[in-house]
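Each chain, letter by letter, is given below.
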Amino acid sequence: KESVAILNLDKIQSYIDKKNINPNEVLNAELLKKLKLINKNSKKLKILGSGEVKDKINIEADLASKSAIEKLEKIGGSIQIRKWFKLNECIIFV
């Protein structure tokens, strides 16, 4: 089973508050793994809408809840959902 790293908006905000994350950088799985904020073996990143985020941030994730997307867009942030599909067992990111 694929491992999915799950992050709530309030957790992201706490990372910003603690200066673990720079809100001007695009937040994606690669960055979070590098910063050791999610498990390095996670295959996908899912954003959930629990809590609030104050900083305008841009996120790249594989999955996101409707409330997370709405809250991010409301404050002028954005979330890019990565589309991926398998072709002969090669995973292509677009």
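None of the values given here were measured: they were computed from a predicted structure.

**As for the overall build of the chain**
Consideration 1: Of regular secondary structure, the chain possesses three helices and seven strands.
Consideration 2: Ordering the α and β elements of the chain from the N terminus gives β-α-α-β-β-β-α-β-β-β.
Consideration 3: Residue pairs in contact within the chain that sit at least 24 positions apart in sequence constitute 43% of those at least 6 positions apart.

**Here we look at the sheet that holds strand E2 (residues 44-48)**
Consideration 1: Spatial ordering of the open sheet is given by E1-E2-E4, a layout of three strands whose pairing is parallel. Only two strands of the sheet have a single neighbouring strand rather than two, namely strand E1 (4-8) and strand E4 (63-64).
Consideration 2: The sheet contact formed by E2 and E4 spans two bridges and is parallel. Bridging across to E4, Lys46 finds its partner in Leu63.
Consideration 3: Each of E1 and E2 is contacted by helix H1 (residues 9-17), which is oriented at about 75° to E1, the strand it contacts most.

**Some words on the pattern of salt bridges**
Consideration 1: Taken as a whole, this structure holds four salt bridges when the rule is applied.
Consideration 2: Asp17 is the salt-bridge partner of Lys54, the closest N and O atoms lying 3.9 Å from each other. Taken together, the residues span a long stretch of sequence, with Lys54 in the loop between E2 and strand E3 (58-61) and Asp17 in helix H1 at a distance of 37 residues.
Consideration 3: Looking at Lys54, the relative accessible area reads 61%, which means it is exposed.
Consideration 4: In this structure, Glu52 and Lys71 form a salt bridge, with 3.7 Å as the shortest nitrogen-oxygen distance. Taken together, the residues Glu52 in the loop between E2 and E3 and Lys71 in helix H3 (residues 66-74) connect sequence positions 19 residues apart.
Consideration 5: Residue class for Glu52 comes out partly exposed when judged on its relative accessible area of 48%.

**Here's the deal with the pairing of E1**
Consideration 1: A one-sided burial pattern is seen for E1, the buried positions being Ala5 and Leu7 and the unburied ones Val4, Ile6 and Asn8.
Consideration 2: Across five bridges, E1 lies against E2 in parallel orientation. When the bridges of E2 are listed, Val4 appears paired with Lys44.

Conventions adopted
Residues numbered from 1 in each chain as written. Predicted model: local features only at pLDDT ≥ 70, side-chain atom pairs only at ≥ 80, totals over all residues. Heavy atoms only, no water. Helix = DSSP H or I, 4+ residues; strand = E, 2+ residues; numbered from the N terminus. Contact = heavy atoms within 4.5 Å. Pairing = 2+ DSSP bridges. Axes fitted to C-alpha atoms, helices over the stretch in contact; angles between N-to-C directions. Salt bridge = Lys/Arg side-chain N within 4 Å of Asp/Glu carboxyl O. Buried < 20%, exposed > 50% of the residue type's maximum accessible area, 1.4 Å probe, protein only.

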